Amino acid sequence: MTDYAGRLRLGVNIDHVATLRNARGGDLPDPVRAAQLAQEAGADGITAHLREDRRHIIDSDIDRLMETLRVPLNFEMAATDEMQKIALRHKPHAVCIVPEKREERTTEGGLEVAREENKLAGYIAPLREAGCRVSIFIGADERQITAAHRIGAQVIELHTGAYCDAHAEGDFETRDRELEMMREMSAYAHSLGLEVHAGHGLNYDTVAPVAAFPEVVELNIGHFLIGESVFRGLGPAIAEMRRLMDAARV
Ligand code: PXP
């Protein structure tokens with residue numbers, strides 16, 4: 001038995017409750033209420049991405065999450081000066097640095113760390129000094145993981161999007177290759193002393209193989225859970241994800 005084979009944490013990403021709210025303007029549905037419900041339903045943490053263009057989560061959501069949450073907030077952000085200032089003001093439990101392109105529909109790939117090592121090392125240092133756990137959203141790529149370790153990140157989050165897309169498209173060869181890369185790279189990251197998380201695009205069909213990696217200690221899941229909550233309610237949607245994660249872990 002390895003020392004890291006504990007209960008896998010589930011971080012619920014509430015961005016798309018805010019997407020729905022913003023589609024009409026006004027205050028409803030309230031992503032902070034969703035965060036509270038998720039917390040009651042057994043979420044181990046809440047994830048929220050304050051994008052530069054504020055297309056879903058807005059600054060006052062972060063203010064209210066910091067004021068009201070009992071579970072840790074994982075604050076996703078691009079490596080910009082503005083976001084660093086906001087993170088340093090709030091000092092959330094975790095900061096996850098993600099690449100951001102204005103024209104993208106969602107976060108398409110992992111961060112390019114290797115080419116930006118010096119800049120990123122300087123960028124994350126004050127966040128670490130402020131007590132935030134710094135996570136880097138990254139592809140399953142040895143060069144990028146090594147660089148993430150070198151710049152002083154404590155955590156990497158593996159981007160599961162390509163694996164999930166391949167599954168949805170029925171391209172099982174690519175899916176299995178992506179999965180194998182993630183399996184190898186989560187072991188490699190763990191061997192460097194990095195904490196390993198994973199997320200993006202996961203649903204009930206794709207979660208189990210990733211949840212089964214012993215080095216992965218946290219999954220961050222949003223879009224699917226918020227969509228599924230229309231049909232079952234947020235609590236039951238989260239409970240089913242929790243059940244599948246726990247079943248994959250034994
Ligand atoms: N992890 C990270 C770093 C993300 O950027 C996102 C999407 O915001 C997620 C997890 C959750 O992805 P999804 O909403 O597709 O479950």
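Everything discussed here concerns the structure shown above.
The written sequence of each chain sets the order in which its residues are numbered from 1. Whole-chain, interface and lining totals are the exception, using all residues; otherwise, since this is a predicted model, local features are given only for residues with pLDDT of at least 70 and side-chain atom pairs are given and counted only at 80 or more. Side-chain metrics rest on all non-hydrogen atoms present in the structure, leaving aside hydrogens and water.

When you go through the protein residue by residue, the secondary structure sums to 11 helices and eight strands. Rg of the C-alpha trace for the protein: 17 Å, near the compact-globule value of 18 Å for 250 residues, within the 12% margin. Within the protein, residue pairs in contact and separated by at least 24 positions form 67% of the contacts whose partners lie at least 6 positions apart. The Shrake-Rupley method, run with a 1.4 Å probe, gives the accessible areas here. Residue values count only the displayed protein chains as cover. Within the structure as shown, the protein displays about 11600 Å² of accessible surface, and the carbon and sulfur contribution to it stands at 51%. Within this scheme the basic residues Lys and Arg register as positive and the acidic residues Asp and Glu register as negative, but His and the chain ends are omitted. Charge placement uses NZ in Lys and CZ in Arg. For Asp and Glu, CG and CD serve respectively. Across the protein, the 29 positively charged side chains and the 41 negatively charged ones have centroids separated by 3 Å. Working definition: helices are DSSP H or I runs of at least four residues, strands are E runs of at least two. Numbering for both runs from the N terminus. Here the globule rule is a power law, 2.2 Å times the number of residues to the power 0.38, and the radius of gyration is based on C-alpha atoms. Only heavy atoms enter the contact rule, under which two residues are in contact if any of them lie within 4.5 Å.

Now for the packing of helix α7 (residues 161-168) against helix α8 (residues 172-191). Geometry of a packed helix pair, given as the angle between the helix axes and the separation of the axes. In this analysis, axes come from line fits to C-alpha atoms, helices being fitted only over the stretch in contact, and the angle between any two N-to-C directions falls in the range 0 to 180 degrees. Across the interface, α7 lies against α8 with an axial gap of 8 Å and an inter-helix angle of 160 degrees. Judged by the angle between their axes, α7 and α8 are roughly antiparallel. As α7 packs across α8, the resulting crossing turns out to be left-handed. Of the residues in α8, those in contact with Ala-162, Tyr-163, Ala-166 and His-167 of α7 are Phe-172, Thr-174, Arg-175, Glu-178, Leu-179 and Met-182. Residues are sorted three ways: Asp, Glu, Lys and Arg are charged, Ala, Val, Leu, Ile, Met, Phe, Trp, Tyr, Cys and Pro are nonpolar, and all the rest, Gly among them, are polar. Class assignment for the residues of the contact of α7 with α8 results in six nonpolar, two polar and two charged. Angles are sorted into four bins: roughly parallel if under 35 degrees, roughly antiparallel if over 145, roughly perpendicular if 65 to 115, and oblique for all others. Each helix crossing is assigned a hand: it is left-handed if the near helix lies turned anticlockwise from the far helix by less than a right angle, otherwise right-handed if that turn is clockwise.

With that settled, consider unusual backbone geometry. In the segment running from Leu-28 into Pro-29, the intervening peptide bond is cis, with an omega of -5 degrees. Summarising the element assignment, Pro-29 is placed in the loop between α1 (15-24) and α2 (31-40). Non-glycine residue Lys-91 carries a positive phi angle of around 50 degrees. What makes Lys-91 partly exposed here is its relative accessible area of 47%. Here the phi dihedral of His-200 falls at roughly 115 degrees; this positive angle occurs in a residue that is not glycine. Assignment of secondary structure puts His-200 in the loop between β7 (195-199) and α9 (207-211). Note on classification: 1.4 Å probe, protein chains only; a residue is buried when its accessible area is under 20% of the maximum for its type, exposed when over 50%, partly exposed between these limits.

Here the focus is helix α4 (residues 81-90). Count 3.6 residues to each turn of an α-helix, and residues three or four apart come out pointing the same way. Of all the residues in α4, the buried ones are Met-83, Gln-84, Ile-86, Ala-87 and His-90. End-on, the buried residues of α4 take up no more than an arc of 165 degrees, which puts them together on one face. Opposite the buried face of α4, by more than 90 degrees, sit the exposed residues Asp-81, Lys-85 and Arg-89. For α4, the elements touching its buried residues are α3 (59-68), β3 (73-77), β4 (94-97) and α5 (117-129). Downstream of α4 by one or two residues, Lys-91 has phi in the positive range, about 50 degrees. The directions considered for the arc are those from the helix axis to the C-beta atoms.

Through backbone hydrogen bonds, the strands of a sheet pair up, either in parallel or in antiparallel fashion. Here eight strands make up a closed barrel; going around it, the order is β1-β2-β3-β4-β5-β6-β7-β8 and the pairing parallel. Taken over all neighbouring pairs, the strand axes of this sheet differ in orientation by 25 degrees on average, direction set aside. Pairing of strand β2 (residues 45-49) with β3 involves four bridges; the strand directions are parallel. Residue pairing in the sheet places Ile-46 in a bridge with Leu-73 of β3. Of the strands in this sheet, β6 (155-159), β7 and β8 (216-221) touch α8, which is tilted by about 175 degrees from β6. Those strands touched by helix α11 (residues 234-249) are β1 (9-13) and β8, and its axis lies near 150 degrees from that of β1. Whether two strands pair depends on DSSP finding at least two bridges between them.

Moving on, we get to the site of the ligand. Residues in contact with the ligand amount to 15 residues; listed here are only the nearest, Glu-76, Glu-157, Gly-201, Gly-222 and His-223. Between His-223 and the ligand, the recorded distance is 2.8 Å, taken from a backbone N or O atom to an oxygen atom. A total of 400 Å² of accessible area belongs to the ligand in isolation, and the protein chains cover 95% of it. Taken together, the residues of the shell around the ligand sort by class into four nonpolar, eight polar and three charged. When we say a residue is near a molecule or strand, we mean one of its heavy atoms is within 4 Å of it. Contacts described as polar in this section are N or O atom pairs within 3.5 Å, which, within protein, must combine one atom able to donate a hydrogen with one able to accept it, while residues neighboring in sequence count only if both atoms come from side chains.

Further remarks concern helix α10 (residues 223-232). Of the residues making up α10, those classed as buried are Leu-225, Ile-226, Glu-228 and Ser-229. Buried positions in α10, seen along its axis, are confined to an arc of 165 degrees and lie on one side of it. Counted as exposed and oriented over 90 degrees from the buried face of α10: His-223, Val-230 and Phe-231. The inward-facing, buried residues of α10 contact β1, α1, β8 and α11. Positioned one or two residues after α10, Gly-233 has a phi angle of 95 degrees, which is positive.

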